[in-house]
Amino acid sequence: MNRTYLGEFEEIVLLGVAVMQGRAYGVVLMHEIIEQTGRSVRLNQVHSALQRLEEKGMVKSEVGGSTAERGGRRKRLYTVTAYGQRTLQQIQEVRDNFWSRLTSLLKPAFG
């Protein structure tokens, strides 16, 4: 199976975009990642990951309307593409397989 591999941070950003269902943009993604992971994240890191994911074809972006809370500036909104969804599914399958194998090894032996 031909897979595209992501680094851990790109995977987290891609998951964040998927969860936000079309409402994802840099600042809100940064706050979501901080909240969910407890790690320190800078906006430029999120933007870099979004750019890499867009270059790989896993997310697409469009410029939204201007908003008063942003001083009239427009947001670049991100959504996950079908390719990005397939990649997330493949990542989950691999992780689930490893976790299920590990769980069976960690079960106490009765006997």
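Each value, and the rule that gives it
- Residues numbered from 1 in each chain as written.
- Predicted model: local features only at pLDDT ≥ 70, side-chain atom pairs only at ≥ 80, totals over all residues.
- Heavy atoms only, no water.
- Helix = DSSP H or I, 4+ residues; strand = E, 2+ residues; numbered from the N terminus.
- Buried < 20%, exposed > 50% of the residue type's maximum accessible area, 1.4 Å probe, protein only.
- Polar contact = N/O pair within 3.5 Å; in protein donor to acceptor, adjacent residues only side chain to side chain.
- Contact = heavy atoms within 4.5 Å.
- Salt bridge = Lys/Arg side-chain N within 4 Å of Asp/Glu carboxyl O.

### Observations concerning the side chain of Thr81
Next, step 1: Inspection of the secondary structure assignment puts Thr81 in the loop between strand E2 (74-80) and helix H4 (82-106).
Next, step 2: For Thr81, a relative accessible area of 17% puts it in the buried group.
Next, step 3: Within the local environment of Thr81, its side chain forms a polar contact with the backbone oxygen of Gly57, the two atoms lying 2.6 Å apart.
Next, step 4: Contact partners of Thr81, with chain neighbours within four places excluded, come to Gly57, Met58, Val59 and Lys60.

### Some points on the pattern of salt bridges
Next, step 1: Applying the stated criterion across every chain, the model contains four salt bridges.
Next, step 2: We note a salt bridge from Arg39 to Glu8, for which the minimum N-O separation is 2.9 Å. In this pair, Arg39 is assigned in the loop between helix H2 (26-37) and helix H3 (43-55) and Glu8 in helix H1 (residues 8-20), connecting sequence segments 31 residues apart.
Next, step 3: A relative accessible area of 47% places Glu8 in the partly exposed class.
Next, step 4: For Lys56, the salt bridge is made with Glu10, and the minimal N-O distance between the two is 2.9 Å.

Bear in mind that shape data such as this cannot, by itself, settle questions of function.
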